[in-house]
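Residue-level listing of the chains:
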Amino acid sequence: MNIPIYVISLARETDRRATIKTRLDASMVNYEIVDAVDGKAEIGEWQGKIRHDIAWRVYGRKLGHGECACYFSHYRLWQRIAKMDTPAALILEDDAVWSDDFFGVIDELVNCRWQWDLVNLGGRSFVDKTATPKVKTTICQLPNNHALVQCKKTQHYAMAYLVTPAGAAKLANHAIPMRIVIDAYWNESWYHKVRHYNVLPAVAFHSEVETTLHRTTAKRSGRSFWIARSAWLNARIRTYRRRWFYLTHPRRLQDNRVKINTPNIHPRK
């Protein structure tokens, strides 16, 4: 692989770390293990950068320690990748497993002529596969009957994805304060201007073991009628804003995939 590969893993989860190291070593690729934010020990350092009041209106509860730890673990990597001179970077979580087509699809995406900022490589799991999402636009064909597509309803799983330095900078610049989980944040293309596409069929999945990063989720309390209606209306508005972004930012070819000028990282106040 001619791009950096980062694996987000908790330092105390030695078994998980050893398992994904074995998988990657078998694939004969270079990679780096990155310590994740620990939701039990370190989340207090990030509390001032979390808007639980907005999360309450969206989810009817506060954001859990595991959700926040996952979000900030990826955020720190976005800051790092944004300053790099590389066509893209691959980010994996330590519970990711992948198909035999995985690295072949990645090679094709890195050399793809079409412009993208983030490509989601994942599906749910090998055991519990969701129905194939409806495709709005096929961007290009990939090896072994895979395709780079824009889905009518965005599919997003954080266990495996490609991101360009420009895409990482856009995400990092608007990530603070945290108010929603990472999967939903990706979907706010009108906000951070990230071109977010998917690979179908998916080439990466969650393993059968529950990921540690998401294990500590806050308990959901009953939402009042007005909070529920507000969340429903907010979801509709977000959907139409995302559709408008892709309508006004049509897919286009990119002349040079290697040299990418990235903006400076100045998180929004």
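See the structure shown above.
Residues numbered from 1 in each chain as written. Predicted model: local features only at pLDDT ≥ 70, side-chain atom pairs only at ≥ 80, totals over all residues. Heavy atoms only, no water.

Below, the discussion takes up the overall build of the protein chain. Counting its regular elements, the protein chain contains 8 helices and 11 strands. Counting the 269 residues in the protein chain, one finds 54% classified as buried. The long-range share in the protein chain, meaning contacts at least 24 apart out of those at least 6 apart in sequence, stands at 83%. Summed over its atoms, the accessible surface of the protein chain is roughly 13300 Å², and 51% of this surface lies on carbon and sulfur atoms. (Helix = DSSP H or I, 4+ residues; strand = E, 2+ residues; numbered from the N terminus. Buried < 20%, exposed > 50% of the residue type's maximum accessible area, 1.4 Å probe, protein only. Contact = heavy atoms within 4.5 Å. Areas by Shrake-Rupley, 256 points an atom, 1.4 Å probe, with all protein chains shown as cover.)

What follows covers the pattern of salt bridges. A full pass over the atoms with the stated rule returns 9 salt bridges. Between Glu-188 and Arg-179 there is a salt bridge, and its shortest N-O distance comes to 2.4 Å. Across the pair, exposure class does not vary: Glu-188 and Arg-179 are buried alike. A single network of salt bridges, built from pairs that share partners, joins Arg-12, Glu-13 and Asp-38. (Salt bridge = Lys/Arg side-chain N within 4 Å of Asp/Glu carboxyl O.)

Let us look at the nonpolar core. By size, the foremost hydrophobic cluster in this structure holds 42 residues, and its most contacted members are Phe-72 and Trp-78. Secondary-structure elements contributing two or more residues to this core are β1 (5-9), α2 (52-59), α3 (65-82), β3 (89-93), β9 (160-163), α5 (165-173) and α6 (182-186). The leading source of residues in this core is α3, at 10 residues. Aside from chain neighbours lying at most four places away, what touches Phe-72 is Val-37, Ile-43, Trp-46, Lys-49, Ile-50, Ile-176 and Met-178. In terms of nonpolar packing, the next biggest core, distinct from the first, is built from 37 residues, Leu-90, Cys-140, Val-203 and Phe-245 among them. (Core = buried A, V, L, I, M, F, W, Y, C linked by side-chain atoms within 4.5 Å.)

A surface patch of like charges, here positive, comprises Lys-134, Lys-136, Lys-152, Lys-153, Arg-236 and Arg-243. In this structure, Arg-243 sits in helix α8 (residues 225-248). Looking at Arg-243, the relative accessible area reads 41%, which means it is partly exposed. (Patch = residues over 30% accessible without salt bridge, like charges linked within 9 Å, V, L, I, M, F, W, Y side chains within 5 Å. Lys, Arg positive; Asp, Glu negative; His and termini not counted. Charge placed at Lys NZ, Arg CZ, Asp CG, Glu CD.)

Our next topic: the packing of aromatic side chains. All chains considered together, the criterion is met by 10 aromatic pairs. Summarising the aromatic geometry, the rings of Trp-98 and Phe-102 are spaced 5.4 Å apart at their centres and angled 20 degrees between planes, so their arrangement reads as stacked. Owing to a relative accessible area of 15%, Trp-98 belongs among the buried residues under this scheme. (Phe/Tyr/Trp six-rings, centres within 6.5 Å; stacked < 30°, edge-to-face > 60°.)

Okay, a nonpolar patch on the surface next. Together, Trp-232, Leu-233 and Ile-237 make up an exposed nonpolar region whose accessible area comes to about 300 Å². In this fold, Leu-233 is placed in helix α8.

Moving on to the sheet that holds strand β10 (residues 196-200). Strand order in the open sheet made by the 8 strands is β2-β1-β3-β9-β5-β10-β8-β7, with mixed pairing throughout. Each edge of the sheet is formed by a strand with only one pairing partner; in this case those strands are β2 (32-35) and β7 (135-142). Along the sheet, successive strands turn relative to each other by an average axial angle of 30 degrees, direction set aside. By the bridge criterion, 3 bridges tie strand β5 (residues 118-120) to β10 in an arrangement that is parallel. (Pairing = 2+ DSSP bridges. Axes fitted to C-alpha atoms, helices over the stretch in contact; angles between N-to-C directions.)

In this section: helix α4 (residues 102-110). Of all the positions in α4, only Phe-102, Phe-103, Val-105, Ile-106, Leu-109 and Val-110 are classed as buried. Along the long axis of α4, the arc covered by the buried residues comes to 155 degrees, so they all point the same way. (Arc of directions from axis to C-beta.)

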